[in-house]
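Structural overview for review
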Amino acid sequence: MRSKVTVVGAGNVGATCAFRIVEKGYADVVLVDIVEGLPQGKGLDMLEATPILGTNVNVIGTNSYEETANSDIVVITSGVARKPGMSRDDLVVTNMKIVQGVTENIVKHSPNCIIIVVCNPLDAMCQMAFHTSKFPKHRVFGQSGVLDSARFRTFISQELNVSIEDVFTCVLGGHGDTMVPIISLCTVGGVPITQLLPKDKIDAMVQRTVNGGAEIVNLLKTGSAYYAPGVASAQMVEAIVFDKKKILPCSAYLDGEYGIKGVYAGVPCKIGKDGIEQIIELKLSSEEDAALKKSAEAVRGLLKVMGI
Ligand SMILES: NC(=O)c1ccc[n+]([C@@H]2O[C@H](COP(=O)([O-])OP(=O)(O)OC[C@H]3O[C@@H](n4cnc5c(N)ncnc54)[C@H](O)[C@@H]3O)[C@@H](O)[C@H]2O)c1
């Protein structure tokens, strides 16, 4: 039996994520959007690519949730994206209502699914999906750290002219200005980055990672990044479908881990068939620990705005 994955939001990120799954051929995909014809058209286009891709999966697009019934995984990408000058937090009021409505539909039609939240402000939207679904915490989490870590990896590999395969990074905290790159865990071929680059160069790349989303928003003028966010979300889906037990930085509900309780924040998680199977607690420096707590407090501030 192939897995069934629903992607809600057939815009830039949703369509990229859906197509990545279709391309790899490990799950049937249902694409949902409120715009009539959009998910149907993109779904059919993707299906017509399967003979060339050589993948035997089904893809359908729809404006309703009946076809999504009994999905194993639902990826929520529905919501507005940033425009130049906006922060992710500026999206909270619009996107919280969208995520709430979408989650209610998901729960009704796929009560046993795992939800991966992608829309922004990410950590607050995870909390909204968790609050609305009443699913256990291991079945509701968000994509941010996979993308943020990938951005940091890209900059390091470009700077040192080495294969991206040899670069490991770890970015924790919120998906926003308060993200926390853990420099002590950044390595190139196993060598700590601090032995390869001076502090000012590392600091500049950290800053570019923190502003990674805004850099692309400013170039695009309308809309935000989607290729890297789309494949980052698909990587999380893949870790679940293949029960990979892969360690990925995810926005997870913290229940005392890292001394933080009752709020979502980006931490390393073991992802397998049950969703988050373990939250890995790293030994952080006092600076990193303070930055992670600050990041969680920023998310808590948004919860007040959302009234949850
Ligand atoms: N977590 C991350 O790393 C990350 C990265 C990039 C973008 N994002 C976020 O993802 C979201 C989507 O970005 P995008 O670039 O795909 O935007 P987009 O505008 O291209 O697509 C959003 C889609 O959602 C649809 N939609 C709106 N309300 C809906 C509803 N109630 N039900 C179903 N569909 C609905 C819209 O019609 C649209 O097609 C934004 O909030 C953006 O900020 C997150």
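All of these numbers come straight from a predicted model, not from anything done at the bench. (Residues numbered from 1 in each chain as written. Predicted model: local features only at pLDDT ≥ 70, side-chain atom pairs only at ≥ 80, totals over all residues. Heavy atoms only, no water.)

Some thoughts on the packing of helix α4 (residues 92–109) against helix α5 (residues 122–133)
Between α4 and α5, whose axes approach to 9 Å, the crossing angle comes to 35 degrees. By crossing handedness, the relation of α4 to α5 is classed as right-handed. Contacts from Val92, Asn95, Met96, Val99, Gln100, Thr103, Glu104 and Val107 in α4 reach Met125, Met128, Ala129, Thr132 and Ser133 in α5. Residues of the contact of α4 with α5, tallied by class, amount to seven nonpolar, five polar and one charged. (Axes fitted to C-alpha atoms, helices over the stretch in contact; angles between N-to-C directions. Helix = DSSP H or I, 4+ residues; strand = E, 2+ residues; numbered from the N terminus. Left-handed = near helix turned anticlockwise from the far one by under 90°. Contact = heavy atoms within 4.5 Å. Nonpolar A, V, L, I, M, F, W, Y, C, P; charged D, E, K, R; others polar.)

With respect to α4
In this model α4 runs 25 Å from its N-terminal to its C-terminal C-alpha over 18 residues, within 8% of the 26 Å that 1.5 Å per residue would give. Buried within α4 we find Val92, Asn95, Met96, Val99, Val102, Thr103, Ile106 and His109. End-on, the buried residues of α4 take up no more than an arc of 160 degrees, which puts them together on one face. Across α4 from its buried face, at more than 90 degrees, point the exposed residues Lys97 and Lys108. Where α4 is buried, its residues touch β1 (3–8), β4 (73–76), β5 (114–117), α5 and α10 (286–306). (Expected span 1.5 Å × (residues − 1). Buried < 20%, exposed > 50% of the residue type's maximum accessible area, 1.4 Å probe, protein only. Arc of directions from axis to C-beta.)

Details of the sheet that holds strand β7 (residues 167–168)
Remark on secondary structure: sheet strands pair via backbone hydrogen bonds, oriented parallel or antiparallel. Reading across from one edge, β7-β10-β11 is the order of the three strands in this open sheet, with antiparallel pairing throughout. In this open sheet, the two strands that pair with only one neighbour each are β7 and β11 (191–192). By the bridge criterion, two bridges tie β7 to strand β10 (residues 187–188) in an arrangement that is antiparallel. Pairing of phenylalanine 168 across the sheet is with threonine 187, part of β10. (Pairing = 2+ DSSP bridges.)

Structural notes on the nonpolar core
One finds Ile21, Met125, Phe141 and Ile271 to be the most contacted residues of the largest nonpolar core, which totals 80 residues. Counting residues in hydrophobic clusters, the runner-up holds 14 residues, among them Phe152, Val167, Cys186 and Leu197. (Core = buried A, V, L, I, M, F, W, Y, C linked by side-chain atoms within 4.5 Å.)

Brief notes about the site of the ligand
As a matter of local geometry, the ligand sits amid 28 residues, with Val13, Asp33, Val80, Val118 and Gln143 nearest to it. Here an oxygen atom of the ligand sits 2.6 Å away from a polar atom, N or O, in the side chain of aspartate 33. One of the backbone N or O atoms of valine 80 is found 2.7 Å from an oxygen atom in the ligand. Listed by contribution, the elements that provide at least two residues to the shell around the ligand are α1 (12–24) and α4. Per-element accounting of the shell around the ligand gives the leading share, three residues, to α4. For the shell around the ligand, the per-class residue count stands at 16 nonpolar, 11 polar and one charged. (Near = heavy atom within 4 Å. Polar contact = N/O pair within 3.5 Å; in protein donor to acceptor, adjacent residues only side chain to side chain.)

Regarding the environment of leucine 185
Within the secondary structure, leucine 185 sits in the loop between β9 (179–181) and β10. In the structure, leucine 185 is positioned 92 residues away from glutamate 277 in sequence and 22 Å away in space, judged by C-alpha atoms. The contacts of leucine 185, once residues within four sequence positions are left out, are Phe168, Cys170 and Leu282.

Description of helix α2 (residues 38–47)
Buried within α2 are the following residues: Pro39, Gly43 and Met46. All buried residues of α2 lie within an arc of 60 degrees about the axis, which places them on one face of the element. Residues of α2 that are buried in the fold lie against α1, β2 (27–32), α3 (50–53) and β3 (59–62).

Remarks on the pairing of β1
Look at any regular strand and the pattern is simple: side chains alternate between the two faces of the sheet. Across the six residues of β1, five count as buried, placing the element largely inside the fold. Note that β1 and β2 share six bridges and pair parallel. Looking at the pairing, serine 3 lines up with alanine 27 of β2. Chirality of the crossover, the property in question, places the unit of β1, α1 and β2 among those that are right-handed. Sheet topology note: the β1/β4 ladder contains four bridges and is parallel. Looking at β4, one finds that valine 8 is bridged to isoleucine 76. (Right-handed = clockwise from strand over helix to strand, strands pointing away.)

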